[in-house]
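Below are the chains, spelled out letter by letter.
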Amino acid sequence: MTGVNAITTKAPSGGVEYRKVDIEESGPLELSPIYTGICGTDKGMATGRLDFAYNPDGQDFIVMGHESICTVKSADSGTGFHPGDLVVPVVRRPGGCINCLAGRQDNCSDGDKHEAGITGKNGFMRETFYDVPEYLVRIKDSALREVGVLTEPLKNVVKVFEVVETVSRRSIYTSRDSTYSGKKAYVVGTGAEGFLFAMMASEYGFDTRILNRHPVEENRLKICDAFGLTFTDYSTGSIDESVDLLIDTSGDPGTFLNFMRKMNYNSIGIMFGTNGKAPAAELTGSDIDRIVERNITLAGSVDAAKIHYEKAVSYLSRWNSVNASALASLITSKRDPSETSLFTERDPNSIKTVIKWT
Ligand SMILES: [Zn+2]
């Protein structure tokens, strides 16, 4: 396709341009993004801080963007899709390892996969692109036409809770009544991903706290109220309770260790956020004592499979029917593709900024 408007960067050195590109691409489905979300990964690429990003073969640039909701523009017969259908494309595309061959490229075992908009595959921040049915997640609920852009970040959350259920099986992790009532979850970070993790912890029944090291604006406190979350600014007061589920979206070693030292017996700590440039922090002998003596499980989790996208869509439908305005308020601004300064600016009110394409 020639002369398509797209947001591009040069990986891994950075920079952002909105311009017309020519890309060799074909497929049975032509898609048009409605919205594409901007996340920390995109900002890291734009500023040249994401060392592992790379351009597709034969290109000296990569089209950015991995969070999207799209409409089908045209579909070959036999694809099962029709013009106007809402879809979310899967970000990771498989390589040849056993996990990739089984549809679990989120757990790729040799690194030979590609991620749209990040590693070797053009992303979704463009007027139109081609794809195949296998990697499209259908959204039947037309009420998700806008908040469906949260499917991609939420699918990471769905996978993490599957990891939590899997690793918690070595002991009784629930309360005596079989639920998570009275169990405490901490989510570190108040970005969109942090909120989605906290909303899911609350959905599971955890007594859920979302934390940051500074106060937050009123819009975030309203979302906490709507979804039964407690916000804590941990720079101003110590937290003396112990935690059963710790989820870190900061990627900051000192922050993670600080909360790891509050982990309860048989608790689970999930590392999700990454920040390769964060300052080092010291793991002590007593930290290891704590992890061992309390049977603490620490696990990393990245990406998710198509099944998790599908479950994420179900959660979005449910949350949208219960509290549409609070869910929609996670999307704090809708901007034009030409506003490339979005990739480098810091706005304390922003939770999820999206680019509006149609
Ligand atoms: Zn693989």
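Look above for the structure.
Okay, so let's go over this structure.

Cut-offs applied
- Residues numbered from 1 in each chain as written.
- Predicted model: local features only at pLDDT ≥ 70, side-chain atom pairs only at ≥ 80, totals over all residues.
- Heavy atoms only, no water.
- Core = buried A, V, L, I, M, F, W, Y, C linked by side-chain atoms within 4.5 Å.
- Buried < 20%, exposed > 50% of the residue type's maximum accessible area, 1.4 Å probe, protein only.
- Helix = DSSP H or I, 4+ residues; strand = E, 2+ residues; numbered from the N terminus.
- Domains from an automatic or database assignment.
- Contact = heavy atoms within 4.5 Å.
- Donors = N, O, S within 2.8 Å, 3.2 Å for Na, K, Ca; no water.
- Pairing = 2+ DSSP bridges.
- Axes fitted to C-alpha atoms, helices over the stretch in contact; angles between N-to-C directions.
- Lys, Arg positive; Asp, Glu negative; His and termini not counted.
- Salt bridge = Lys/Arg side-chain N within 4 Å of Asp/Glu carboxyl O.
- Polar contact = N/O pair within 3.5 Å; in protein donor to acceptor, adjacent residues only side chain to side chain.

For the rest of this paragraph, the subject is the nonpolar core. Counting residues in hydrophobic clusters, the biggest one holds 68 residues, and the most contacted among them are Phe-161, Phe-195, Met-199, Leu-245, Ile-270, Leu-327 and Leu-330. No other element matches helix α4 (residues 192-204), which puts 8 residues into this core. For this core, the two domains that each supply at least three residues are domain 1 (4-151 + 330-356) and domain 2 (172-294). Among residues more than four places away in sequence, those in contact with Leu-330 are Leu-150, Phe-195, Leu-196, Met-199, Ile-223, Ile-351 and Lys-352. Judged by nonpolar contacts, the second largest core, of 15 residues, contains Ala-11, Met-45, Ile-355 and Trp-357.

A separate point is the coordination of the zinc ion. Around the zinc ion, the donor atoms from the protein are Cys-97 (SG), Cys-100 (SG) and Cys-108 (SG), and they sit 2.3 to 2.4 Å away. Expressed as a motif, the donor residue spacing for the zinc ion is C-x2-C-x7-C. We note that Cys-100, like Cys-108, is buried.

Let us look at the sheet that holds strand β15 (residues 243-248). With parallel pairing, 6 strands are arranged side by side in an open sheet as β14-β13-β12-β15-β16-β17. Two strands in the sheet have a free side with no partner beyond their single neighbour: β14 (230-233) and β17 (297-300). Averaged over all pairs of adjacent strands, the angle between strand axes in this sheet comes to 20°, irrespective of strand direction. Lying over the sheet, helix α3 (residues 151-167) contacts β15, β16 (263-271) and β17, oriented at roughly 145° with respect to β16.

Note that Asp-244 resides in strand β15. Within the buried core, Asp-244 has no salt-bridge partner, and the shortest N-O distance to an opposite charge, that of Lys-183, equals 4.0 Å. Side-chain polar atoms of Asp-244 contact the side chain of Asn-264, separated by 3.1 Å. Excluding residues that lie within four positions of it along the chain, Asp-244 makes contacts with Tyr-173, Lys-183, Lys-184, Asn-264, Ser-267 and Ile-268.

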